[in-house]
Amino acid sequence: MRLIDFNRSTIDLDPQLQLFWETMPTKRPLTDLQVVDQQLRFLSTGGRPLTLDQFRARVQRVAPTTPLFTAGPPPQRLYGYRLVAHQILLG
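Description of the structure in this document. The numbers attached to residues start from 1 for each chain and follow its sequence in the written order. Local features in a predicted model are, by the rule used here, given only for residues with pLDDT of at least 70; side-chain atom pairs are given and counted only at 80 or more, and totals for whole chains, interfaces and linings are based on all residues. As a convention, hydrogens and water are excluded, and side-chain values are obtained from all of the structure's heavy atoms.

**Some remarks on the pattern of salt bridges**
If charged atoms from side chains of opposite charge come close, those side chains can pair. To keep it simple, the criterion reads: When a carboxyl oxygen of Asp or Glu lies within 4 Å of a side-chain nitrogen of Lys or Arg, that pair is called a salt bridge. Helix and strand definitions follow DSSP, with helices as H or I runs of at least four residues and strands as E runs of at least two, each counted in order from the N terminus. Partly exposed describes any residue whose relative accessible area lies between the buried limit of under 20% and the exposed limit of over 50%, with all areas from a 1.4 Å probe on protein chains only and scaled to the type maximum.
Enumeration according to the criterion identifies four salt bridges in this entry. Across the pair R82 and E22 runs a salt bridge whose closest N-O atoms are separated by 2.5 Å. Taken together, the residues R82 in strand 7 (residues 81-84) and E22 in strand 1 (residues 18-23) connect sequence positions 60 residues apart. Owing to a relative accessible area of 43%, R82 belongs among the partly exposed residues under this scheme. For E22, a relative accessible area of 27% puts it in the partly exposed group. Of the charged contacts, one joins R41 and D37 as a salt bridge, the two residues approaching to 3.9 Å between their closest N and O atoms. We classify D37 as exposed; its relative accessible area is 64%.

**Some words on the sheet that holds strand 4 (residues 39-43)**
To be explicit about the condition: Strands were regarded as paired on the criterion that DSSP finds at least two bridges between them.
The four strands lie next to each other as 3-4-5-6, forming an open sheet whose pairing is mixed. Both outer strands of the open sheet, strand 3 (32-36) and strand 6 (76-77), are each paired with one neighbouring strand and no more. As judged from the two bridges shared by strand 5 (residues 68-70) and strand 6, these two strands associate in the antiparallel manner. If you follow F69 over to strand 6, its bridge partner there is R77.

**Topic: the environment of L30**
This is how the line gets drawn: The criterion used for residue contact is that any of the two residues' heavy atoms lie within 4.5 Å.
Among the secondary structure elements, L30 is positioned in the loop between strand 2 (26-29) and strand 3. Counting along the chain gives 15 residues from L30 to T45, while the straight-line C-alpha distance between them is 7.7 Å. Aside from chain neighbours lying at most four places away, what touches L30 is L19, F20, W21, F42, L43, P49, L50 and L90.

In structure tokens:
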């Protein structure tokens, strides 16, 4: 999934939804972002998860065609998301 695809598909969602990365059998909060090798990577470093609004504020200067990845190791491409009780679960 690219940044523009994610932004367009979430435009009408509640900006306070929290972002998580779905890993079996748990989920990890997405707490930070970093651009590496032309990839937008989501980091899970502990702490509070980013909200959709915080995410949008941080990616304003990132190219819209940038693909979304988890930080890894190894980095994994994100292909979609689903909504669950005040959360966006990326996977």
